[in-house]
There are 2 protein chains.
Amino acid sequence: MDPHTEHLRISPARFQANFDALSKIGATDDGGVHRPALSETHLAARAWFRERIREIGIEPRVDGAGNHSAYLPCGPEDGPTLLIGSHLDSVPHGGRFDGALGVLAALEVLIVVKETGISLPINLEAIDFTDEEGTHFGLMGSSALAGNLSRSDLEHPRGGKAAFVEDLNRAGLTEDGLLNAARHKGSLAGFIEVHIEQGTRLIDANAEIGVVTSIIGIGSSILTFIGRSDHAGTTSMEDRLDASQGASAFILATRDILLEDFPQCVANVGQINLKPGVFNIVPAEAILGLEYRAPEAHTLHRLGQALIERARSEANRFGLRLEVEELGEYPPSPMNDAVRSAIADAADSLGLNHIPLASMAGHDAQSLAGLCPVGMIFVPSVDGASHSPREFTTWENCIHGANALLQTALRLALNNDQAG
Amino acid sequence: MDPHTEHLRISPARFQANFDALSKIGATDDGGVHRPALSETHLAARAWFRERIREIGIEPRVDGAGNHSAYLPCGPEDGPTLLIGSHLDSVPHGGRFDGALGVLAALEVLIVVKETGISLPINLEAIDFTDEEGTHFGLMGSSALAGNLSRSDLEHPRGGKAAFVEDLNRAGLTEDGLLNAARHKGSLAGFIEVHIEQGTRLIDANAEIGVVTSIIGIGSSILTFIGRSDHAGTTSMEDRLDASQGASAFILATRDILLEDFPQCVANVGQINLKPGVFNIVPAEAILGLEYRAPEAHTLHRLGQALIERARSEANRFGLRLEVEELGEYPPSPMNDAVRSAIADAADSLGLNHIPLASMAGHDAQSLAGLCPVGMIFVPSVDGASHSPREFTTWENCIHGANALLQTALRLALNNDQAG
């Protein structure tokens, strides 16, 4: 690699000043931020971001989905664009790092390339996607940009249609705009996102950089264990068909199945309802909300099957029936090999320990995986805390993440030239 | 025993005609009855009962609690009264046998004694207690008769104060009346109640008669297992403090504890709530509604302790905290030894198989246990079904129950003479 570009670094002082300024927008007393998508605080953060873009002499772009970006024509006119970025919205009462770090790292990379004045085989664009966290639709802006949204998708927003329409109006957006924000397949050279890990694997492995191998696939089901309601006094323990017994055995088994047979995966029973649900009647039904995640499609499917099979055998053991309502499986998104190699090379050149790891949460990168080569760079989360004011990454590791993004972007750009 | 009284039997034809007529009042399409206390159908059943009493030449008595009775002065004037009976109200959409069988068996016994014209050392009274099932207050009429009600007890009826007052008005009752319905301690020679078992122990033991040893005590608690809410994707299985794990282990253990160490007792977890209760967040809290029942006071207490201890150890095992809110223990009511012996002797003389057994449900008899010697006669419930239209006892066993009541009452009456 060109020794000139190999030694480029972001500006820690400017990066931190921007991070601190952004953290004040929607700041909460407990050290977090409250910037749900299209809320007043979120729109204020976006206005601030537009100002930062103008400050470097670039007119900010806003597409039909409200995605905000800074476009740097550092490559051939009408040549492909390397997209870098993340999102400025937060979960309600969330943390300062989730999303914001990736947008500011991308801005920093773009500023460095601009200030250096180098020519690259690609153009560069630092982007802030709309509503990654799903106030209305999870990954909304990146899905719109990838052309994955249809009109029927917009009918059932999480917070209800009225709130969605009101927020679109406040932000000056329209449904038609969302449906017409798709980019052409050949227009993007790739997408790279820096993000906090939201887990403890990097810290446990004493690594500064996580090279994301795939974004996890998610399956979910509603499992209903069905027994018989009986008088909880007069019905002996032997004679009961108690739905809570099968459900409890399954919940315990879930943990064992994951720990023993699916060490790279997770599962969660986050909801239980007993019916009729009173002290003195043996539960006739136990209704469980099950979610499971796996990094590869075949593992996700195998895990789903193993869990349902176990639920069935635990139901049988207690004389219960099992009904399964599958809510769907969202397949994993493998990251692009060339992007992964570029991230690993970049980390090596920066002298940073790195490990490969799957993302256990969803990210905008998965929306774009069908459109262009995508990759993600994770930085360590202290205590793994996330979606919480406790969210924290050391400033040193934030800088490492931004420099890894810079070096990865340069490597991919120069590889793009060799490939073209 | 006097060979004349030893050979007395109730009239199966009259008993069945009355049972069939009563079953039609509030009858439901599925073969059950719907006679919640003080509802129109319940008041109709009571009017019918008053007619049956008048038919035999007795003016029905109605006390301040609305308890209906037929008083037969077959003993010394102002002598003690042997009370026999049960209740005509039902749970909503209940069965034909629960309560009704005991009232009609008592009426039948009173008619037989009246028709025979024998003199006894006691007077006899067949009673129908108000609101045994607890539309407003469980065991209301029998508690009032036993002097166990206070004005503050009447402040929080199960169905709300407005519905209670409305129902009292409809039935021509008043709160003052309820509080002034207590009988004097020396006025009663005893109380005997025939009731369906509501379980399968008699059928399992091939017995026609259950000699109730005690009415079970009931304890209840709310147990809260407390862990930590975490992202259900990014938090590894090892790192979770998942409240559902401790709760599930406890629910499974409850069954084992009862089967292994407390074979005469039961316990039920009828409610579970997880918090925050969503698919993609590890449950921080699992809130359980626990009820447990035991036939003796020391067993009830020991069972409650064993369950809480186990909840604590299962919480510890999964790194959780446990909070316990004890909702109170209602002590068991042991039945009187002399009444138990009289029931066993009566069954022997009738050639009926009998076994001792605890009542796993509450009954009016427990209200009176502090006032006079009490006993209960159980008859077999097919499939143990109760509080359901499926409730069923063979007609043969209903007759056995009524004859056992007759022979028990005569034995107690004559013993009363020997004692006096």
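Treat the numbers as computed from the prediction; the structure is a model and nothing was measured. Here the residue numbers are simple positions, counted from 1 along each chain's written sequence. Chains carry letters and ligands carry numbers; both start at the beginning, A for chains and 1 for ligands, and go up in the order they are written. Residue-level local features of this predicted model are given only where pLDDT is at least 70; pairs of side-chain atoms are given and counted only at 80 or more, and the full residue set underlies all totals for whole chains, interfaces and linings.

What follows covers the overall build of chain A. Regarding its fold elements, chain A presents 13 helices and 13 strands. Only C-alpha atoms enter the radius of gyration, while the globule expectation follows 2.2 Å times N to the 0.38, with N the number of residues. A compact globule built from 420 residues should have a C-alpha radius of gyration of about 22 Å, and chain A, at 24 Å, falls within 12% of that. Taken over the C-alpha atoms alone, chain A extends approximately 85 × 45 × 40 Å along its principal axes. Comment: burial labels come from other C-beta atoms within 10 Å of the residue's own C-beta, placed from the backbone, where a count of 20 or more is buried, 12 or fewer is exposed, and between is partly exposed. The buried share of chain A, reckoned over its 420 residues, is 57%. Sequence-distant contacts, at least 24 apart, represent 79% of the contacts inside chain A between residues at least 6 apart. In this description a helix means any DSSP run of H or I spanning at least four residues, a strand means any run of E spanning at least two, and both kinds are numbered starting from the N terminus. Throughout, a pair of residues is in contact if the C-beta atoms placed from their backbones lie within 7 Å.

A few words on helix α10 (residues 297-317) of chain B. Residue and element names in this part refer to chain B. By this rule, a helix spans an expected 1.5 Å times one less than how many residues it contains. For α10, which comprises 21 residues, the first-to-last C-alpha distance of 30 Å matches the rise-based estimate of 30 Å (1.5 Å per residue) to within 8%. Regarding α10, the residues found buried are L300, L303, G304, L307, A311, E314 and A315. Buried residues along α10 cover an arc of 105 degrees about the axis, so they all sit on one side. Facing away from the buried side of α10 by over 90 degrees, the exposed positions are H298, Q305, E309, N316 and R317. Contact partners of the buried residues in α10: β7 (217-226), α9 (243-261), β8 (266-275), β9 (285-294) and β10 (321-330). Arc definition: directions from the helix axis to the C-beta atoms.

Moving on: the relation of the copies chain B and chain A. What sets the superposition is a least-squares fit of C-alpha atoms, and only residues with pLDDT of at least 70 in both copies go into it. Of the transformation placing chain B onto chain A, the axial shift is 0.2 Å and the rotation is 180 degrees, giving an RMSD of 0.2 Å. Both chain copies can therefore be described as sitting about a two-fold axis. Among all C-alpha atoms of chain B, that of S248 of chain B lies closest to the rotation axis, at 2.2 Å. Most of the interface of chain B is mirrored in chain A: 100% of its interface residues are interface residues there too.

In terms of nonpolar packing, the biggest core is built from 243 residues, with V109, L405 and A409 of chain A together with V109, L405 and A409 of chain B touching the most fellow members. If we skip the residues at most four places from it in the chain, A409 of chain B touches L82, I84, V109, L124 and I192 of chain B. Residues enter a nonpolar core if they are buried, belong to Ala, Val, Leu, Ile, Met, Phe, Trp, Tyr or Cys, and are joined to the set through C-beta atoms within 7 Å.

The next point concerns the interface of chain B and chain A. On the side of chain A, 44 residues touch chain B, which itself brings 44 residues to the contact. Put simply, the parts of the chain that give the side of chain B that touches chain A at least two residues each are α9, β8 and β9 of chain B. Counting residues per element, the side of chain B that touches chain A draws most heavily on α9 of chain B, which supplies 9 residues. Nonpolar residues are Ala, Val, Leu, Ile, Met, Phe, Trp, Tyr, Cys and Pro. Charged residues are Asp, Glu, Lys and Arg, and all others, Gly as well, are polar. Here the side of chain B that touches chain A is built from residues that sort into 19 nonpolar, 21 polar and 4 charged.

Here the focus is the environment of E296 of chain B. Positionally, E296 of chain B belongs in the loop between β9 and α10. Setting aside residues no more than four positions away along its own chain, E296 of chain B makes contact with S214 and P332 of chain B.

All right, on to the pairing of strand β2 (residues 68-72) of chain A then. Residue and element names in this part refer to chain A. When you tally the buried positions in β2, you get 4 out of 5 residues, the bulk of the element. When DSSP finds two or more bridges between two strands, those strands count as paired. As paired elements, strand β1 (residues 61-62) and β2 share 2 bridges and run antiparallel to each other. Residue V62 lies in a different strand from β2, and its bridge partner there is H68. For β2 and strand β4 (residues 123-129), the ladder comprises 5 bridges, and the chain directions are antiparallel. Paired with H68 across the two strands is D128, which belongs to β4.

Residue and element names in this part refer to chain B. Here 4 strands make up an open sheet; going across it, the order is β8-β9-β7-β10 and the pairing antiparallel. Two strands close off the open sheet at either side, each with one partner strand: β8 and β10. Across this sheet, the average inter-strand angle for adjacent strands is 15 degrees, counted without regard to direction. Across 10 bridges, the pairing between β7 and β9 is antiparallel. Bridge assignment links L223 to a residue of β9, and that residue is L288. To get an axis, fit a line to the C-alpha atoms, keeping to the stretch in contact for a helix; angles then go from 0 to 180 degrees between the N-to-C directions.

This next bit is on the packing of helix α2 (residues 12-23) of chain A against helix α4 (residues 100-116) of chain A. All names here are of chain A. For the pair α2 and α4, interaxial distance at closest approach is 10 Å and the crossing angle is 145 degrees. α2 and α4 meet at a crossing whose hand is right-handed. For the pair formed by α2 and α4, the contact residues are R14, F15, N18, F19 and L22 on the first element and A100, L104 and E108 on the second. For the contact of α2 with α4, the residue count by class is 5 nonpolar, 1 polar and 2 charged. Crossings are classed by handedness, with left-handed meaning an anticlockwise turn of the near helix from the far one by less than a right angle and right-handed meaning a clockwise turn.

Time to look at the domain arrangement of chain A. Residue and element names in this part refer to chain A. Domain annotation of chain A identifies domain 1 (3-215 + 333-419) and domain 2 (217-330). Where each domain begins and ends is defined by an automated method or by a domain database. For domain 1 versus domain 2, the distance between C-alpha centres works out to 38 Å. Facing 4 residues of domain 1, the contacting portion of domain 2 comprises 5 residues. Taken together, the residues that form the side of domain 1 that touches domain 2 break down as 2 nonpolar, 2 polar and no charged.

With that out of the way, let us pick up the packing of helix α9 (residues 243-261) of chain A against α9 of chain B. Relative to each other, α9 of chain A and α9 of chain B sit at 135 degrees, their axes nearing to 8 Å. On the basis of their axis angle, the class for α9 of chain A and α9 of chain B is oblique. The handedness of the crossing between α9 of chain A and α9 of chain B comes out as left-handed. On α9 of chain B, the residues touching S244, Q245, S248, A249, I251, L252 and R255 of chain A of α9 of chain A are S244, Q245, S248, A249, I251, L252 and R255 of chain B. Across the contact of α9 of chain A with α9 of chain B, the residue classes break down as 6 nonpolar, 6 polar and 2 charged. Roughly parallel here means an angle under 35 degrees, roughly antiparallel means over 145, roughly perpendicular means 65 to 115, and every remaining angle is called oblique.

What follows deals with the sheet that holds strand β8 (residues 266-275) of chain A. All names here are of chain A. On the basis of which strands lie adjacent, the open sheet formed by 4 strands has the order β8-β9-β7-β10 and antiparallel pairing. Two strands in the sheet have a free side with no partner beyond their single neighbour: β8 and β10 (321-330). Going from strand to strand, the sheet's axes swing by 15 degrees on average, the running direction of each strand aside. In the packing of α9 onto the sheet, the strands contacted are β7 (217-226), β8 and β9 (285-294), and the crossing angle to β8 comes to about 175 degrees.

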